Amino acid sequence: MATTAFDVVIKELEERRESIAQALISGAAKDFAEYKYMTGEVQGLSRAHAFITDLVKRMENDDDR
């Protein structure tokens, strides 16, 4: 199976989300404001990931018809 643009975007989203999560776990946030920002970024990346994976599934289902 060939790598698609969606695969590349999904991988980047996952890597960035994991990077921020590891930073949060290690206590990298300097203060509560930075903690909120980082958790908000994780939430946004998670939403983008879910949207794109849903889009890929819909496109695959449309191809099956």
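Preceding block: the structure.
A.B. asks: Got a sec to walk through helix 2 (residues 32–64)? Specific residues and values, please.
C.D. replies: The first and last C-alpha atoms of helix 2 sit 48 Å apart over 33 residues, in line with the 48 Å expected at 1.5 Å per residue. When helix 2 is considered as a whole, its buried residues turn out to be M38, V42, L45, H49, I52 and V56. Tucked into the core, helix 2 has its buried residues touching helix 1 (5–25). The distance from a side-chain oxygen at the start of helix 2 to the backbone nitrogen of A33 is 3.3 Å, and the residue carrying that oxygen is D31.

A.B. asks: An account of the packing of helix 1 against helix 2 is requested, with residue identities and associated values reported.
C.D. replies: Remark: helix 1 packs on helix 2, axes separated minimally by 9 Å, with the N-to-C direction vectors making an angle of 155°. When the axes of helix 1 and helix 2 are compared, the pair comes out roughly antiparallel. Here helix 1 and helix 2 pass one another in a crossing that is left-handed. Here the contact of helix 1 with helix 2 is built from residues that sort into 16 nonpolar, four polar and four charged.

A.B. asks: I'd like to hear about the packing of aromatic side chains, residue by residue, with values.
C.D. replies: Within a pair of aromatic rings, the relevant descriptors are the distance that separates the centres and the angle that separates the planes. Enumeration according to the criterion identifies one aromatic pair in this entry. Considering the side-chain rings of F32 and Y35, the 6.1 Å spacing of their centres and the 20° angle between planes classify their relative orientation as stacked. Residue F32 and its partner Y35 are located together in helix 2, separated by three residues, close to a single helical turn. Owing to a relative accessible area of 40%, Y35 belongs among the partly exposed residues under this scheme.

Rules used throughout
- Residues numbered from 1 in each chain as written.
- Predicted model: local features only at pLDDT ≥ 70, side-chain atom pairs only at ≥ 80, totals over all residues.
- Heavy atoms only, no water.
- Helix = DSSP H or I, 4+ residues; strand = E, 2+ residues; numbered from the N terminus.
- Expected span 1.5 Å × (residues − 1).
- Buried < 20%, exposed > 50% of the residue type's maximum accessible area, 1.4 Å probe, protein only.
- Contact = heavy atoms within 4.5 Å.
- Polar contact = N/O pair within 3.5 Å; in protein donor to acceptor, adjacent residues only side chain to side chain.
- Axes fitted to C-alpha atoms, helices over the stretch in contact; angles between N-to-C directions.
- Parallel < 35°, antiparallel > 145°, perpendicular 65-115°, else oblique.
- Left-handed = near helix turned anticlockwise from the far one by under 90°.
- Nonpolar A, V, L, I, M, F, W, Y, C, P; charged D, E, K, R; others polar.
- Phe/Tyr/Trp six-rings, centres within 6.5 Å; stacked < 30°, edge-to-face > 60°.

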